[in-house]
Amino acid sequence: MSRRPRVLLAASEAYPLIKTGGLGDVVGALPAALRAVGVDARLVLPAYPAALAAVPTARAIARSALYGTPLTLLQAELPIDGGRPLPVYLIQATAFERSGNPYQDVTGQDWPDNPARFALFCRGAAALALGHLAPDWRADVVHAHDWQAGLLPALLSLEPKRPRTVFTVHNLAYQGLVAGADADTLGLPADWWSPDALEFYGQLALIKGGLAFADRITTVSPRYAQEIQTAEFGCGLDGLLRYRSAVLVGILNGIDTELWNPATDPALAARYDAHSLERKAIDKAALQTELGLAAEPDALLLGMVSRLVEQKGVDLLLAVLGSLPAGVQVAVLGSGQAEYEAALTAAASQHPGQIAFKAGYDEGLAHRIQAGADAYVMPSRFEPCGLTQLYALRYGTVPIVRAVGGLADTVVDATAANLAAGRATGIVFEPASSAALAQAIQRALDLYRAGAPWRQMQLTGMAQDHSWQRAAERYLTLYQQLLAA
Ligand code: ADP
Ligand code: GLC
């Protein structure tokens, strides 16, 4: 195919329109990277108030009623450095007119009508992809992300002349489950109530719209692509994933190296690169002041910026906070499950000056923790890719991670051999236990105090290239294979 493939990326979040986690970072950055390798990539998102506020120039280009629900299609352009702007489509409907987090109310409860909301989003996106809403553009490939866009490949499979479909799993643990009467109101074909289609232990799992129907399945690291085919990490879907393993591939995420660049980051007290790494100490001192930590330049300051959910191993971190070695400080920014927020708040008040916890979502502080911390902790129970350890590497902040998913694929453990070969970039530990995490922190402290090996790890990490180009080329190849088939 000689002309530029037209690819519609569909997802429930994309930075800078709206973001709750790494999905937003990825869907925010991938379209520009795809355009840079010659893809006519476009983005479609629900028109949440936050998204509309981020693109005030969005204009209505079509109106329709899908399955009885009125919706409006808006179009806007997002500027891209050094390139033509990215076309963004927003699907506007009453269901999306809720401020704040796109999935939850202010108390952290999922909106009960999420399956219906995202089913509507998928119907709108399918109509757009088929050229039914904006007649001057149709997609050759629809690239859907996570369960909220899971119905798209399934809906498109019903079309005689349809775009090819790719479904990317960012997190298999979120499945879009919907039971009984609620499922019936979605108006899906009756024969999708089958284990071969969407049925999942007596409910519908909207993620199966992607897993069972997409032409290709990808996930965000090679290790996670293997893991999700096992009972341990498969969340009940490993059988289906093994069955589809011939069309399943792991493509490691990149990071936005403009947005996450310690040499230019406007959020920092001091900017630095590998040649001015000593300036990182200014960011550390500023972070200690900002968070009320003791002004100790020689303490090993551990940072963490995370959704506070079971996945992230928050319980493992909590279990070691009471008995940290002297000379270790901890700074956590996060929001999520109330019990974790409460326990972190309590730990901070029991160890003032040594442990700091900031509840909530704060993009600027996330950058300042990456820059000001010496090491970055990520004791995840599972981790499809993980972006924050990649940001840490770029900021000369040594990651301490569990050997799972993308963490295992991106961090090289400081074994004697890896240190001697100049390959080590962090501390990697295996068991999901607080003892193993405590040991990893002690290893980090010893290396930090030794000085030279620590600096070598910082520099090795900072020299790595995690930009999006490689991943974008792999997605392009995938699209081309689908279009040639
Ligand atoms: P996940 O997608 O599982 O949440 P990732 O490591 O892939 O994990 O991405 C997390 C993204 O969300 C990063 O950009 C991180 O900085 C950001 N993030 C998480 N929690 C917060 C928070 N409380 N405030 C600001 N940014 C946050
Ligand atoms: C998910 C995963 C995370 C990954 C991100 C982007 O939220 O939890 O590991 O980095 O998606 O793909």
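Everything numeric here is computed off the predicted structure, so don't read it as measured data.

Caption draft 1: Highlighting the site of ligand 1. In the neighbourhood of ligand 1, 21 residues make up the surrounding shell, with Gly-22, Asp-25, Arg-307, Lys-312 and Gly-360 lying closest. Separating an oxygen atom of ligand 1 from a side-chain N or O atom of Lys-19 is a distance of 2.8 Å. Between ligand 1 and Arg-307 there is a distance of 2.7 Å, counted from an oxygen atom to a side-chain nitrogen or oxygen. For ligand 1, whose unbound accessible area comes to 570 Å², protein coverage reaches 93%. Secondary structure elements with two or more residues in the shell around ligand 1: α1 (22–36), β13 (300–308), β14 (328–336) and α13 (388–394).

Caption draft 2: Region of interest: the site of ligand 2. Surrounding ligand 2, one finds 14 residues, the nearest of these being His-170, Asn-253, Glu-383, Cys-385 and Gly-386. In the environment of ligand 2, an oxygen atom lies 3.4 Å from a nitrogen or oxygen atom belonging to the side chain of Asn-171. Isolated, ligand 2 exposes 300 Å² of accessible area, and the fraction of that covered by the protein chains is 94%. Looking at which element gives the most residues to the shell around ligand 2, the answer is α1, with three residues. Considering only residue class, the shell around ligand 2 consists of six nonpolar, six polar and two charged.

Caption draft 3: Representation of the pairing of strand β6 (residues 141–145). In terms of residue burial, β6 counts as a mostly covered element, since five of its five residues are buried. Alternating positions in β6 separate into two faces, Val-141, His-143 and His-145 on one and Val-142 and Ala-144 on the other, with burial throughout. With four bridges joining them, strand β1 (residues 6–10) and β6 adopt parallel strand pairing. Looking at the pairing, Leu-8 lines up with Val-142 of β6. In this sheet, strand β7 (residues 164–169) lies alongside β6 in parallel orientation, the contact comprising five bridges. Opposite His-145, over in β7, you have Thr-168 as the bridge partner.

Caption draft 4: Local environment of helix α12 (residues 363–372). In terms of burial, α12 is a largely internal element, seven of the ten residues being buried. Along α12, the residues classified as buried are Leu-365, Ala-366, His-367, Ile-369, Gln-370, Ala-371 and Gly-372. Where the residues of α12 are buried, they touch α9 (280–291), β13, β14, β15 (355–359), β16 (375–378) and α13. The opening residue of α12, the one whose side-chain oxygen lies 3.2 Å from the backbone nitrogen of Gly-364, is Asp-362.

Caption draft 5: Quick look at the packing of aromatic side chains. Using the criterion set out here, one finds nine aromatic pairs in the structure. Here Tyr-89 and Trp-137 contribute two aromatic rings whose centre-to-centre distance is 6.2 Å and whose plane-to-plane angle is 35°, an arrangement assigned as tilted. Here Tyr-89 is found in strand β5 (residues 83–92), whereas its partner Trp-137 is found in the loop between α3 (114–129) and β6, with 48 residues between them in sequence. Per residue, the accessibility class of Tyr-89 equals that of Trp-137, and both read buried. With centroids separated by 5.4 Å and ring planes inclined at 80°, the aromatic side chains of Tyr-448 and Trp-454 adopt a geometry described as edge-to-face. For Trp-454, a relative accessible area of 3% gives the class buried. Among the aromatic residues, those joined into a cluster by ring pairs are Tyr-103, Phe-118 and Trp-147.

Conventions we followed
- Residues numbered from 1 in each chain as written.
- Chains lettered and ligands numbered in written order.
- Predicted model: local features only at pLDDT ≥ 70, side-chain atom pairs only at ≥ 80, totals over all residues.
- Heavy atoms only, no water.
- Near = heavy atom within 4 Å.
- Polar contact = N/O pair within 3.5 Å; in protein donor to acceptor, adjacent residues only side chain to side chain.
- Areas by Shrake-Rupley, 256 points an atom, 1.4 Å probe, with all protein chains shown as cover.
- Helix = DSSP H or I, 4+ residues; strand = E, 2+ residues; numbered from the N terminus.
- Nonpolar A, V, L, I, M, F, W, Y, C, P; charged D, E, K, R; others polar.
- Buried < 20%, exposed > 50% of the residue type's maximum accessible area, 1.4 Å probe, protein only.
- Pairing = 2+ DSSP bridges.
- Contact = heavy atoms within 4.5 Å.
- Phe/Tyr/Trp six-rings, centres within 6.5 Å; stacked < 30°, edge-to-face > 60°.

Scope: geometric values only; no functional claims are made or implied.
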